[in-house]
Amino acid sequence: MRVLFLVHDFLPAHPAGTELYTGGVALALRARGHEVEVFATEKDIARAHLSSAQRSWEGIPVHELVNNLFYADFRQTWDYPAAAAAFARVLDERRPDVVHAMHLMYLSVGCLEEAARRGIPVFFTLHDFWLTCARFGQRLHPDGGLCATVDFARCGTCLASFKFAQSPLERRLAGVVAGVKGATGVDLSRPLRAAGDKLRGKRADAAAAVEPELAQRFAALARERSEALRARAVPCVERFFAPSRFLRERFLEWGLAPEQVELLGYGLDLAPLAGFVRRPAQELRVTFLGTLAPHKAPHLVLDALAELAPELRARVRVTLHGPKAHFPDYVAALERRAAELGARM
């Protein structure tokens, strides 16, 4: 069977949960004799926007579309014809038997429609709330508070401060970076990205009040997005897979039919743990394993450690382990706090 995975980012540049899981399932299917390929996007201002390339990861073909977020408007964050057209070309070239969507961020609902139009069965693993939440699918407000109930009026104030596209200046700089790399081979994208991350952080700190008219406009767009995704994506999908009961219940609330959402826990490749021997220790060992990002909340582990009396804290070994490149300022604060509390990173 020919299986084509559809995912927003992919390995090795993006070693986060969805990407690692996609890679793991792809390798497992290949080991069972299936032909497996991946379609993913990559943000790389050193390459031309919407250019395509083919590469390989662990011997698995990867079709990569450069999406530098040059969106004309907010709708293109979820309905992006250019991404759907690129995916359609791969569908026609590779003719998969099945499409397994892992994430649609940076892609388009049109990708699912292109597969359904060709009579290709589509399956969709729900890794987060992207279908119901335009802010990276995290159901978090800009101040870090949990979004327990989707309220489109609140979505309006949230999305009004959400940087979903590159600015005209950033687009011009991207063109310069791509031109320099093409002419000289020198890649200036990394230092520009670091400077942009710091600037975005300052803007986020400064963004407090939102103009009512702007909030109302984004509230209407949030409602439109939710209704359109439910109307267009859901009919294309044979079965949704939810890795937790909590996630399944939230999507039932959104409107998915119970028989369309299967509870299917994540698998784990135990081969790397072969021969592992667990050694008892005097301390209680607590480990955070994941992306060191605010929305993953490794700082809560340190907050809990700080609540302990010093004599109890000495009997606990806390380790925070994960990629440090994505949120450098946040990671630097974690490292300082971990050093103060005797935790390891």
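Before any of the text, the structure's been laid out above.
Read on for an overview of the structure.

Reading the values: the criteria
Residues numbered from 1 in each chain as written. Predicted model: local features only at pLDDT ≥ 70, side-chain atom pairs only at ≥ 80, totals over all residues. Heavy atoms only, no water. Helix = DSSP H or I, 4+ residues; strand = E, 2+ residues; numbered from the N terminus. Contact = heavy atoms within 4.5 Å. Polar contact = N/O pair within 3.5 Å; in protein donor to acceptor, adjacent residues only side chain to side chain. Phe/Tyr/Trp six-rings, centres within 6.5 Å; stacked < 30°, edge-to-face > 60°. Buried < 20%, exposed > 50% of the residue type's maximum accessible area, 1.4 Å probe, protein only. Lys NZ or Arg CZ within 6 Å of the ring centre and 35° of its normal. Expected span 1.5 Å × (residues − 1). Arc of directions from axis to C-beta.

1. With respect to the environment of T77
Inspection of the secondary structure assignment puts T77 in the loop between β4 (60–66) and α2 (81–94). T77 sits 27 residues away from L104 along the chain, and the two C-alpha atoms are 9.5 Å apart. Beyond its immediate stretch of four places on either side in the chain, T77 contacts Y71, W130 and F164. A polar contact of 2.7 Å, which involves the side chain of T77, links it to the backbone oxygen of F74.

2. Quick word on the packing of aromatic side chains
Under the counting rule described, the total for this entry stands at 13 aromatic pairs. Measuring from centroid to centroid gives 5.5 Å for F124 and F240, while their planes differ by 40°, and the two rings are tilted. Remark: F240 occurs in strand β7 (residues 239–242) and F124 occurs in strand β6 (residues 122–125); sequence separation between them is 116 residues. Of the two residues examined, F124 and F240, each falls in the buried class. Through a chain of ring-to-ring contacts, three or more aromatic side chains come together here, namely F129, F246, F251 and W254. In this structure, R225 packs its charged tip against the face of W130, placed 4.5 Å from the ring centre. Residue placement shows R250 over the ring face of F246; its charged tip is 4.5 Å from the ring centre.

3. Digging into helix α11 (residues 328–341)
The terminal C-alpha atoms of α11 lie 20 Å apart, and with 14 residues this matches the ideal 20 Å at 1.5 Å per residue to within 8%. Within α11 the residues assigned to the buried category are Y330, V331, L334, A338 and L341. Within α11, the buried residues cover an arc of 95° as seen down the axis, which keeps them to one side. Facing away from the buried side of α11 by more than 90 degrees, the exposed set consists of D329, R336, A339 and E340. Turning to α11, the residues buried within the fold contact α9 (299–307), α10 (310–313) and β10 (316–321). One or two steps after α11, the chain reaches G342, where phi turns positive at roughly 80°.

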